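What follows is each chain in one-letter form.
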Amino acid sequence: FLDDRDRHWEEGRNRAREAGREDGFRDGRSDREHRREFQPTRGGSYKHGDRDYDGRYGDRRRYVEAYREAYSHGYEEGYHGGGRVPGHEHEPGTH
């Protein structure tokens, strides 16, 4: 059984991964569309790495680490031609 601290960390890690992948995907796709060099660590989202962080999640550094790892994967996916933002498969105009 997980105690509250572990449960909050699990929630935080999942949120960090989701936010990081979404942000990375969007930034990677934008860089590809604007013919910019592949540089996943350039953007402010990667550098800060704490979008949606909540103190309940525990150590901010762990959250940022999970966010950045997911951001890097999302960026690569978006840069190399992924079609849709993760978590938004049914955006207007997509099927």
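Starting from 1, residues in each chain are numbered consecutively following that chain's sequence as written. Side-chain atom pairs in this predicted model are given and counted only at pLDDT of 80 or more, local residue features only at pLDDT of at least 70, and totals for whole chains, interfaces and linings cover all residues. Values reported for side chains reflect all heavy atoms of the structure, with hydrogen atoms and water molecules removed beforehand.

Let's shift gears to the packing of helix 1 (residues 4-33) against helix 3 (residues 60-79). Convention adopted: a line fitted to C-alpha atoms gives each axis, helices being fitted over their contacting stretch, and angles between N-to-C directions are expressed from 0 to 180 degrees. Secondary structure elements are defined from DSSP: runs of H or I of at least 4 residues count as helices, runs of E of at least 2 residues count as strands, and each element is numbered from the N terminus. Direction vectors running N to C along helix 1 and helix 3 enclose 35 degrees, while the axes themselves pass 6 Å from each other. Relative to helix 3, the crossing made by helix 1 is right-handed. Residues of the contact of helix 1 with helix 3, tallied by class, amount to eleven nonpolar, six polar and eleven charged. Crossings are assigned a handedness: left-handed for a near helix turned anticlockwise from the far helix by less than a right angle, right-handed for a clockwise turn. Residues are grouped as follows: Ala, Val, Leu, Ile, Met, Phe, Trp, Tyr, Cys and Pro are nonpolar; Asp, Glu, Lys and Arg are charged; every other residue, Gly included, is polar.

What follows covers the nonpolar core. One finds W9, A16, A19, Y46, Y53, Y57, Y63, A66, Y67, Y71, Y75 and Y79 forming the largest nonpolar core, which totals twelve residues. In terms of residue count, helix 3 provides more of this core than any other element does, six residues in total. Throughout, a residue-residue contact means that at least one pair of heavy atoms, one from each residue, lies within 4.5 Å. Not counting the four nearest positions on each side in its chain, Y63 is found in contact with W9, G12, R15, A16, G49, D50, R51, D52, Y53 and Y57. The criterion is simple. A nonpolar core is a set of buried Ala, Val, Leu, Ile, Met, Phe, Trp, Tyr and Cys residues joined through side-chain atoms within 4.5 Å. Note on exposure labels: buried denotes an accessible area under 20% of the residue type's maximum, exposed denotes more than 50%, and partly exposed covers the range between, all computed with a 1.4 Å probe on protein chains only.

Turning to unusual backbone geometry, a few remarks are in order. Backbone geometry at R35 places phi at a positive 55 degrees, although glycine is not the residue there. Here R35 shows up in the loop between helix 1 and helix 2 (44-48). With a phi angle near 70 degrees, D52 is a residue other than glycine that sits in the positive phi range. Inspection of the secondary structure assignment puts D52 in the loop between helix 2 and helix 3.

With that settled, consider the confidence of the model for the protein. For the protein, per-residue confidence averages 87 on the pLDDT scale, and residues scoring 70 or more make up 83% of the total. For the protein, per-element mean pLDDT is lowest for helix 2, which scores 93, and highest for helix 3, which scores 97. The pLDDT value expresses, per residue, how confident the predictor is, ranging between 0 and 100. Scored below 50 in pLDDT, residues 90-95 shows four contacts in the model against residues more than four places distant or in partner chains.

To continue, consider the environment of D52. What makes D52 partly exposed here is its relative accessible area of 33%. Taking the C-alpha atoms as reference, D52 lies 8.8 Å from G12; in sequence the two are 40 residues apart. Residues within four places of D52 in sequence aside, it is in contact with R15, A19, Y57 and Y63. A polar side-chain atom of D52 sits 2.2 Å from a polar atom in the side chain of R15. A 3.5 Å cut-off defines polar contacts: any pair of N or O atoms within that distance qualifies, except that in protein one atom must be a possible hydrogen donor and the other a possible acceptor, and neighbouring residues in sequence count only when both atoms are side-chain atoms.

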